[in-house]
Amino acid sequence: MSQKTAVVTGGAGFLGSHLCDRLLLEGMKVVCIDNLLTGNLNNISHLFGNENFSFVKHDITNFIFVPGKVDYILHFASPASPIDYLKLPIQTLKVGSLGTHKVLGLAKEKNARILLASTSEVYGDPEIHPQEETYWGNVNPIGPRGVYDEAKRFAEAITMAYNRYHGVETRIVRIFNTYGPRMRLDDGRALPAFVGQALRGEDITVFGDGSQTRSFCYVSDLVEGIYRLLLSDEVEPVNIGNPDEITIQQFAEEVLKIMGSKSKIIYQPLPQDDPKVRQPNIEKAKRILGWQPKVGRAEGLKITINFFKSKI
Ligand code: UDP
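Cut-offs used in this document
Residues numbered from 1 in each chain as written. Predicted model: local features only at pLDDT ≥ 70, side-chain atom pairs only at ≥ 80, totals over all residues. Heavy atoms only, no water. Helix = DSSP H or I, 4+ residues; strand = E, 2+ residues; numbered from the N terminus. Rg over C-alpha atoms; globule rule 2.2 N^0.38 Å. Buried < 20%, exposed > 50% of the residue type's maximum accessible area, 1.4 Å probe, protein only. Contact = heavy atoms within 4.5 Å. Areas by Shrake-Rupley, 256 points an atom, 1.4 Å probe, with all protein chains shown as cover. Lys, Arg positive; Asp, Glu negative; His and termini not counted. Charge placed at Lys NZ, Arg CZ, Asp CG, Glu CD. Polar contact = N/O pair within 3.5 Å; in protein donor to acceptor, adjacent residues only side chain to side chain. Near = heavy atom within 4 Å. Phe/Tyr/Trp six-rings, centres within 6.5 Å; stacked < 30°, edge-to-face > 60°.

**Q** Hey, could you go over the overall build of the protein chain for me, with residue numbers and the actual values?
**A** If you tally the helices and strands in the protein chain, you get nine helices and 13 strands. Relative to its length of 312 residues, the protein chain is compact, with a C-alpha radius of gyration of 19 Å against a globular reference of 20 Å. When the backbone C-alpha atoms are referred to their principal axes, the protein chain occupies close to 55 × 45 × 40 Å. Looking at the protein chain as a whole, 55% of its 312 residues qualify as buried. The long-range fraction of contacts in the protein chain, counting pairs at least 24 apart against all pairs at least 6 apart in sequence, stands at 80%. Accessible surface for the protein chain amounts to roughly 13,800 Å². Of this, 53% is attributable to carbon and sulfur atoms. Each charge class in the protein chain can be summarised by its mean position, and for the 36 positive and 35 negative side chains these summaries are 4 Å apart.

See below:
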């Protein structure tokens, strides 16, 4: 069998870089494309010198040229934390819409299979709990999170259109909260925020009363699910995430306990449209991919906290 080539957009980001690692381990050639807006070369510096790896600094909202054959495209380029997309609203909308269009064009040209990184944010502030793939969501299009949510909803729509109209082989993963090494300490997400605050001896900022829930998936589990989906025949979206749901208050307490920190928890206003609950229903992933997460929070948090410590 000839060596497969995969293009990873957003390949210098948190998830993209872990995917580059995995695809290289599977023996593929990997072309990593990133404009380094929120990605960072530190995430892929260990791959420079690997003959199967190449990096192209490029903004995929402009025409994408990749020489030679391409078998797989994993489209992960986008600001993805609430703080990032609030700071970069236009770029977020552009990469989800114009960028996804360009990437689909590349897939069509190369006869490649494309996997779109979508998100639990397509469910908005959900009225169905846990969220299953058949739920259409409850998104505020004009709220601050709308720039990300609607961009990803458009990205799903245009991906399905390329599948139906052009016959492009497409896959869509809906990614729920994921954590692990290579997360940015300053991306504003709950975990890096709490760990950074604890390490600096500051108060821990819980937004709202902390009763909102999330379900956190360790990055290696997520990558395994995505890799299985890429190789599967499933065209419609598949949730990948860890259903172990926890309130943000409990989560903050858990992080403080693991760190042995004496920081106090303080409460700040809940950001607009912050989902009150979130938990993936992963029955579909279990059924069609034979996948379920393996890494519990205690283990995953230890590894991730040690990573953050090494960065401070
Ligand atoms: N959060 C918090 N304190 C922080 C950062 C986040 O309480 O310093 C809350 C946030 O309001 C949300 C949850 O933690 O309810 C998860 O936020 P995150 O930014 O990690 O991702 P989201 O799931 O909202 O996309």
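Back to the text.
**Q** An account of the environment of Lys152 is requested, with residue identities and associated values reported.
**A** When you line up the elements, Lys152 lands in helix α4 (residues 146–166). Taking the C-alpha atoms as reference points, Lys152 and Ala117, 35 residues apart in sequence, are found 8.4 Å from one another. In this view, Lys152 contacts Ser78, Ala117, Ser118, Thr119 and Val122; residues no more than four positions away in its chain are not counted. A distance of 2.7 Å separates a polar atom in the side chain of Lys152 from the backbone oxygen of Ala117.

**Q** Summarise the site of the ligand; cite the residues concerned and give the values.
**A** If you check the shell around the ligand, you find 18 residues, and the closest are Thr205, Phe207, Arg214, Asp274 and Arg278. Within the backbone of Thr205, a nitrogen or oxygen atom sits 2.6 Å from a nitrogen atom of the ligand. In the model, an oxygen atom of the ligand is placed 2.7 Å from a nitrogen or oxygen of the Phe207 main chain. In isolation the ligand has 510 Å² of accessible area, and contact with the protein removes 96% of it.

**Q** I'd like a rundown of the packing of aromatic side chains, residues and numbers included.
**A** One pass over the structure, following the stated rule, counts nine aromatic pairs. With centroids separated by 6.0 Å and ring planes inclined at 15°, the aromatic side chains of Tyr123 and Tyr135 adopt a geometry described as stacked. With Tyr123 in the loop between β5 (113–119) and α4 and Tyr135 in the loop between β5 and α4, this pair connects stretches of sequence that are 12 residues apart. Assessed through its relative accessible area of 1%, Tyr123 is described here as buried. Exposure remark for Tyr135: the relative accessible area of 13% places this residue in the buried category.

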